[in-house]
Amino acid sequence: MLKSARKQEKDDEGRMPLLDHLRELRNRLLKAVLAIVVVMIVAAFYQKEIYEFLLAPIQESVGCKNGVVTTVDGKSCALLKTDTLIGPFTNALKVALMSGVLLATPVWLYQLWAFVAPGLHKGEKRYAYAFAVVGAPLFLAGGYLAYAILPQTAEIMLGFSPDDVQNQIGLDSYLDLLVRMVIVFGLAFELPLLLIALNMTGLITGKRMLGWWRGMIVGLTAFAAIATPGGEPISMLLLAGPLAVLYFIAVGFSLLNDKRRNRKNPDAELSDDEASDLDLTPEPVGSVENVSRPALPEQASGGADGSRSHRLNGYDDIT
């Protein structure tokens, strides 16, 4: 039922009608969603352990314990709560969904890359598996970074609470924030793979990406400032620093890939607006060959000595 439409396509370059492209996209999406659903079902049986893992950062940093309203150092602590009847059920669904998206990362990343890969050359299609193998750890690393900086972010945000005020944090809002941070950080760590994919398809060269480094540093810093809820410099640098390193790794890979590609294309260094050099050196002319047959019909009536049997208006031939 989910057989790839490309397996029925005989074109070596992967060309197919628009409907086949849409059918292929549908099949890839169905496979990705199916993998996420399967992991969600498995995660439902380990809901207690997953909850403990997700709540550990905020409980250990600002969580209220034994009914007190302040931490050991006298700062305001936070109490997690649910205030609706269906709150526990919706929170359980959120936890299962986040677990499915994270743990099924290798599957849906491979399906995404497998849909794009046929646009590459035959020798470059083998990178589909490498994309999933590298992309999954990057996504998980970004998500774990969001999880790791959450305690510090919580302490800073609750530090604005007035004295003698108990902070009650809704479990649903906390999970929403955690899911949003994990997904945003995880996708941000996929930046180098996106740049490499654009380079492999020939849309962007490594030299051009290197020329963007100033703007990219500013853009990544601005993105980190927006993505981190606290907006404080330490969390911002913890996100912007790794993204900058990953960007330069992608630039280095793209430069090497361009160099490899240029070895096979002697005109690769030429600009689209630049004419190639032409060799205008004249070549020697070969020896003149005698014409065995008359060049014109009128010459066929000539005498044995080559003279004309008649002339027209004083000329030897008719033009």
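Our subject is the structure listed above.
Anyway, here's the lowdown on the structure attached to this text. The shown structure was predicted, so the numbers you read here are calculated from the model rather than taken from an experiment. (Residues numbered from 1 in each chain as written. Predicted model: local features only at pLDDT ≥ 70, side-chain atom pairs only at ≥ 80, totals over all residues. Heavy atoms only, no water.)

**Observations regarding the overall build of the chain**
Looking only at helices and strands, the chain features ten helices and two strands. By residue count, 34% of the 319 residues in the chain fall in the buried class. Total accessible area computed for the chain in this model is approximately 20800 Å², and 63% of it derives from carbon and sulfur atoms. (Helix = DSSP H or I, 4+ residues; strand = E, 2+ residues; numbered from the N terminus. Buried < 20%, exposed > 50% of the residue type's maximum accessible area, 1.4 Å probe, protein only. Areas by Shrake-Rupley, 256 points an atom, 1.4 Å probe, with all protein chains shown as cover.)

**Considering the pattern of salt bridges**
This structure, assessed with the given rule, holds two salt bridges. Arg 28 is the salt-bridge partner of Glu 24, the closest N and O atoms lying 2.9 Å from each other. Of the two residues, Glu 24 and Arg 28 both sit in helix α1 (residues 18-44), four residues apart, roughly one turn of that helix. The pair Glu 24 / Arg 28 is uniform in exposure class, with both members buried. (Salt bridge = Lys/Arg side-chain N within 4 Å of Asp/Glu carboxyl O.)

**Quick notes on the environment of Ser 254**
Along the chain, Ser 254 turns up in helix α10 (residues 233-263). Given the relative accessible area of 0%, Ser 254 is considered buried. For the pair Ser 254 and Leu 210, spaced 44 residues apart in sequence, the C-alpha separation works out to 9.5 Å. Setting aside residues up to four positions removed in sequence, Ser 254 forms contacts with Leu 195, Ile 196, Asn 199, Gly 206 and Met 209. (Contact = heavy atoms within 4.5 Å.)

**Describing the packing of helix α3 (residues 87-103) against helix α6 (residues 171-188)**
It is at 10 Å that the axes of α3 and α6 come closest, and there the two elements cross at 15 degrees. Here α6 runs roughly parallel to α3, going by the angle between their axes. As for the relative orientation of α3 and α6, their crossing is left-handed in sense. Across the interface between the two elements, Asn 91, Lys 94, Val 95, Met 98 and Leu 102 of α3 pack against Leu 171, Asp 172, Leu 175, Asp 176, Leu 178, Val 179 and Val 182 of α6. (Axes fitted to C-alpha atoms, helices over the stretch in contact; angles between N-to-C directions. Parallel < 35°, antiparallel > 145°, perpendicular 65-115°, else oblique. Left-handed = near helix turned anticlockwise from the far one by under 90°.)

**Structural notes on the side chain of Gln 111**
Note on placement: Gln 111 falls in helix α4 (residues 105-116). You can call Gln 111 buried: its relative accessible area is 9%. Within the local environment of Gln 111, its side chain forms a polar contact with the side chain of Arg 28, the two groups lying 3.0 Å apart. (Polar contact = N/O pair within 3.5 Å; in protein donor to acceptor, adjacent residues only side chain to side chain.)

**Considerations on the side chain of Asn 91**
Within the secondary structure, Asn 91 sits in helix α3. The buried category is assigned to Asn 91, whose relative accessible area is 1%. Residues contacting Asn 91, with those up to four places away along its chain left out, are Tyr 51, Thr 82, Leu 171, Asp 172 and Leu 175.

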